[in-house]
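One letter stands for each residue in the lines below.
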Amino acid sequence: EDKVVQSPLSLVVHEGDTVTLNCSYEVTNFRSLLWYKQEKKAPTFLFMLTSSGIEKKSGRLSSILDKKELFSILNITATQTGDSAIYLCAGGRGSTLGRLYFGRGTQLTVWP
Amino acid sequence: DGGITQSPKYLFRKEGQNVTLSCEQNLNHDAMYWYRQDPGQGLRLIYYSQIVNDFQKGDIAEGYSVSREKKESFPLTVTSAQKNPTAFYLCASSMTGVPNQPQHFGDGTRLSIL
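Residues numbered from 1 in each chain as written. Chains lettered and ligands numbered in written order. Predicted model: local features only at pLDDT ≥ 70, side-chain atom pairs only at ≥ 80, totals over all residues. Heavy atoms only, no water.

**What to know about the environment of Asn53 of chain B**
Residues and elements named next belong to chain B.
Then comes step 1: By the element assignment, Asn53 lies in the loop between β5 (43-51) and β6 (54-57).
Then comes step 2: Of the residues examined, Asn53 reaches a relative accessible area of 61% and is grouped as exposed.
Then comes step 3: Along the backbone, Asn53 and Gly3 are 50 residues apart, and their C-alpha atoms lie at a distance of 22 Å. (Helix = DSSP H or I, 4+ residues; strand = E, 2+ residues; numbered from the N terminus. Buried < 20%, exposed > 50% of the residue type's maximum accessible area, 1.4 Å probe, protein only.)

**What about the state of the cysteines?**
Then comes step 1: Taken as a whole and judged by the stated rule, the model has two disulfides over all chains.
Then comes step 2: Bridging Cys23 of chain A to Cys89 of chain A, the disulfide has an S-S length of 1.8 Å. A torsion of -60° about the S-S bond marks the disulfide between Cys23 of chain A and Cys89 of chain A as left-handed. Of this pair, Cys23 of chain A sits in strand β3 (residues 19-26) while Cys89 of chain A is found in strand β9 (residues 85-93), placing the two residues 66 residues apart along the sequence.
Then comes step 3: Here Cys23 of chain B connects covalently by a disulfide to Cys91 of chain B, the sulfurs 1.9 Å from one another. Residues Cys23 of chain B and Cys91 of chain B are joined through a disulfide that is left-handed, its torsion about the S-S bond being -75°. A residue pair is termed long-range when its members are at least 10 positions apart, and Cys23 of chain B in strand β3 (residues 19-25) and Cys91 of chain B in strand β9 (residues 87-94) qualify at 68 residues. (Disulfide = S-S within 2.5 Å.)

**Remarks on the nonpolar core**
Then comes step 1: Val4, Tyr25, Leu33, Trp35, Tyr87 and Leu108 of chain A are the most contacted members of the largest nonpolar core, which totals 22 residues.
Then comes step 2: For this core, the secondary-structure elements that each account for two or more residues are β3, β4 (30-38), β5 (44-49), β7 (61-66), β8 (71-76), β9 and β11 (106-111) of chain A.
Then comes step 3: With four residues, the single largest contributor to this core is β3 of chain A.
Then comes step 4: Apart from the residues within four sequence positions on either side, Leu33 of chain A is in contact with Cys23, Tyr25, Phe47, Met48, Leu49, Leu65, Ser72, Cys89, Ala90 and Gly91 of chain A.
Then comes step 5: If you look at the next biggest cluster of nonpolar residues, it comprises 20 residues, including Ala61, Leu76, Val78 and Leu111 of chain B. (Core = buried A, V, L, I, M, F, W, Y, C linked by side-chain atoms within 4.5 Å. Contact = heavy atoms within 4.5 Å.)

**Structural notes on the environment of Ser67 of chain B**
All names here are of chain B.
Then comes step 1: Looking at where Ser67 falls in the secondary structure, it is placed in the loop between β7 (64-66) and β8 (76-78).
Then comes step 2: Along the chain, Ser67 and Thr77 lie 10 residues apart, while their C-alpha atoms are 8.9 Å from each other.
Then comes step 3: Ser67 has contacts with Phe55, Ser73, Phe74 and Pro75, leaving out every residue within four places of it along the chain.

**Describing the interface of chain B and chain A**
Then comes step 1: The partner chain A presents 22 residues to the 23 residues of chain B that form the contact.
Then comes step 2: Of the roughly 1800 Å² buried between chain B and chain A, counting both surfaces, carbon and sulfur atoms make up 55%.
Then comes step 3: In this structure, the connection of chain B to chain A is made through one salt bridge.
Then comes step 4: Arg99 of chain A is the partner of Asp59 of chain B in a salt bridge, and the nearest nitrogen-oxygen pair spans 2.8 Å.
Then comes step 5: Where chain B touches chain A, the interface holds five residue pairs in polar contact (both at pLDDT 80 or more).
Then comes step 6: The set of elements that each furnish at least two residues to the side of chain B that touches chain A consists of β4 (31-37), β5 and β9 of chain B.
Then comes step 7: Residue contributions to the side of chain B that touches chain A peak at four residues, all from β5 of chain B. (Buried area = accessible area lost by both parts, 1.4 Å probe. Salt bridge = Lys/Arg side-chain N within 4 Å of Asp/Glu carboxyl O. Polar contact = N/O pair within 3.5 Å; in protein donor to acceptor, adjacent residues only side chain to side chain.)

**Thoughts on the packing of aromatic side chains**
Then comes step 1: Within this structure, the stated rule accounts for 11 aromatic pairs over all chains.
Then comes step 2: Between Tyr33 of chain B and Tyr48 of chain B, the ring centres sit 6.2 Å apart and the planes meet at 15°, which makes this aromatic pair stacked. Pair noted here: Tyr33 of chain B is in strand β4 and Tyr48 of chain B is in strand β5, with a separation of 15 residues, a long-range link. Like Tyr48 of chain B, Tyr33 of chain B is buried.
Then comes step 3: Residues Tyr64 of chain B and Tyr89 of chain B carry aromatic rings whose centres are separated by 5.9 Å and whose planes lie at 65° to one another, so their mutual orientation is edge-to-face. Here Tyr64 of chain B is found in strand β7, whereas its partner Tyr89 of chain B is found in strand β9, with 25 residues between them in sequence. No difference in accessibility class separates Tyr64 of chain B from Tyr89 of chain B, as the two residues are buried.
Then comes step 4: Put simply, the rings of Tyr36, Phe45 and Phe102 of chain A together with Tyr33, Tyr35, Tyr48 and Phe105 of chain B touch in pairs and so form one group of aromatic residues.
Then comes step 5: For the cation-ring pair, Arg68 of chain B lies above Phe74 of chain B, with the distance from its terminal atom to the ring centre recorded as 5.9 Å. (Phe/Tyr/Trp six-rings, centres within 6.5 Å; stacked < 30°, edge-to-face > 60°. Lys NZ or Arg CZ within 6 Å of the ring centre and 35° of its normal.)

So this is what it looks like as structure tokens:
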């Protein structure tokens with residue numbers, strides 16, 4: 001059975017802290033690991049990772065994939081209140097992805 | 001500009017009633033998806049379609065039905081057989097045939113029971 005497990009499920013930090021969100025996966029014919037940020041409504045795409053060990057970076061956010069150990073991490077440095085959201089991780093199969101397998105998400109709350 | 005439109009934003013269902021959630025995209029994407037989100041549960045796949053006139057059940061299809069008569073439209077019907085329909089419903093779409101294309105999401109429909 002394909003599954004994606006995220007930890008922690010919730011996290012509360014203060015502005016300026018650095019956080020690490022974890023995602024482990026068991027997906028048959030695994031191809032890609034995706035991260036999304038969901039505030040109130042639509043999840044918005046953050047990163048897609050297909051190669052092991054290559055960090056992807058966007059501002060204060062970065063992510064890396066380990067295909068040997070079957071996990072990914074999402075780092076957020078110098079957190080801001082606007083980073084408060086649910087962060088979703090998903091695994092995709094095959095070369096054209098098709099359906100995704102989502103984890104339960106990590107609810108991040110950043111206090112001022 | 002291009003995107004995915006879900007309507008209505010809020011919907012109330014009476015006991016024994018079927019309701020239909022609309023999802024329209026103008027991104028020219030072949031694949032479309034319906035997810036259900038409950039608090040603390042992440043996204044669970046209900047149905048998906050990778051081409052017009054074809055669709056597959058996801059992990060929680062019971063009590064739901066879909067159609068895909070047009071490329072841009074993928075409506076979801078929540079039938080009276082779905083005993084616990086209260087949830088946030090998200091529609092997504094993606095390109096097929098092109099590697100590494102992420103899914104893009106609409107703003108969702110929140111369904112509640114009256």
